[in-house]
Amino acid sequence: MAGAVEARLAELGLTLPAVVPPLASYQPAVQSGVYVYTSGQLPMVDGKLAVTGKVGAEVTPDEAKELARTCALNALAAVKSVAGDLDRIKRVVKVVGFVASASDFTGQPAVINGASELLGEVLGDKGVHARSAVGVAVLPLDAPVEVEVQVELTEA
């Protein structure tokens, strides 16, 4: 039985994906006390990247913003994998977004808004968070964006 958060995803026309398997030696998410920390989530869909390249060159900012939404959705799947139920999310504490950027691209915050807006649409006030949006030279698999999320859970 899906909880309220997954019902809200369905209302938005979204389905929680399977957890993206690790690409190296790490876990997709770990819990410490009432906090869950996700590893950086790439915009993987069905096990592959739909788009590669640098934002501001091969990838448009609007495309990258949509990819950041996918990263946030993947992060929610990673949270569920350790929390058991997305309804346990008390609040999203922090989001860190990385944008593989062309040398003259400075719109990283607008790109990572894709992740922030998705979390707000799905979680309402619980999705409001602190955030960093960072431009980098390259990301794993030549992904345009990567997003990590920290959430606080209610007690089980």
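> What is the right way to look at a nonpolar patch on the surface in this model?
On the surface, a cluster of nonpolar side chains totalling about 280 Å² of accessible area is made up of L23, Y26 and L141. Mapped onto the elements of the fold, L141 is located in the loop between β6 (130–136) and β7 (145–153).

> Got a minute to help me understand helix α2 (residues 61–83) in this structure?
Each α-helix turn comprises 3.6 residues. Residues three or four places apart therefore point the same way. With 23 residues, α2 should reach 33 Å at 1.5 Å per residue; the first-to-last C-alpha distance of 32 Å fits that figure. Within two residues after α2, G84 carries a phi angle of roughly 85 degrees, on the positive side.

> Even after reading the chapter, I still don't get the pattern of salt bridges, so can you show me in this structure?
Proximity of charged atoms lets side chains of opposite charge pair with each other. Taken as a whole and assessed by the stated rule, the structure comprises six salt bridges. Here E11 ties to R8 by a salt bridge, and the two come within 3.0 Å at their closest N and O atoms. With E11 and R8 both in helix α1 (residues 4–11) and three residues apart, this pair spans about one turn of that helix. Owing to a relative accessible area of 28%, R8 belongs among the partly exposed residues under this scheme.

> Would you explain unusual backbone geometry in this entry?
Peptide bonds are mostly trans, and most non-glycine residues show a negative phi. We note that D46 has phi near 55 degrees; this positive angle belongs to a residue other than glycine. Among the secondary structure elements, D46 is positioned in the loop between β3 (44–45) and β4 (48–49).

> Would you mind going over the packing of α2 against helix α3 (residues 108–123) with me for this structure?
When two helices pack together, their arrangement is captured by the angle between the axes and the distance separating the axes. For the pair α2 and α3, interaxial distance at closest approach is 7 Å and the crossing angle is 45 degrees. Between α2 and α3, the angle falls in the class oblique. Crossing of α2 over α3 shows right-handed handedness. Where α2 approaches α3, its residues P61, A64, K65, A68, R69, A72, L73 and L76 are matched on the opposing element by A110, V111, I112, N113, G114, A115, E117, L118, L119, E121, V122 and L123.

> Where do I start with α3 in this structure?
The end-to-end C-alpha distance of α3, which contains 16 residues, comes to 23 Å, matching closely the 22 Å that a straight helix rising 1.5 Å per residue would cover. At G114, α3 is bent by approximately 30 degrees, the largest bend along its length. Within the sequence span of α3, burial applies to Q108, V111, I112, G114, A115, S116, L118, L119, V122 and L123. Contacts from the buried residues of α3 go to α1, α2, β5 (89–100), β6 and β7. Positive backbone phi, at 60 degrees, marks G124, one or two positions downstream of α3.

About the thresholds
Residues numbered from 1 in each chain as written. Predicted model: local features only at pLDDT ≥ 70, side-chain atom pairs only at ≥ 80, totals over all residues. Heavy atoms only, no water. Patch = residues over 30% accessible without salt bridge, like charges linked within 9 Å, V, L, I, M, F, W, Y side chains within 5 Å. Areas by Shrake-Rupley, 256 points an atom, 1.4 Å probe, with all protein chains shown as cover. Salt bridge = Lys/Arg side-chain N within 4 Å of Asp/Glu carboxyl O. Helix = DSSP H or I, 4+ residues; strand = E, 2+ residues; numbered from the N terminus. Expected span 1.5 Å × (residues − 1). Buried < 20%, exposed > 50% of the residue type's maximum accessible area, 1.4 Å probe, protein only. Axes fitted to C-alpha atoms, helices over the stretch in contact; angles between N-to-C directions. Parallel < 35°, antiparallel > 145°, perpendicular 65-115°, else oblique. Left-handed = near helix turned anticlockwise from the far one by under 90°. Contact = heavy atoms within 4.5 Å. Bend = angle between axes of the 7 residues up to and from the residue.

Function-wise, these values are silent; they only describe arrangement.
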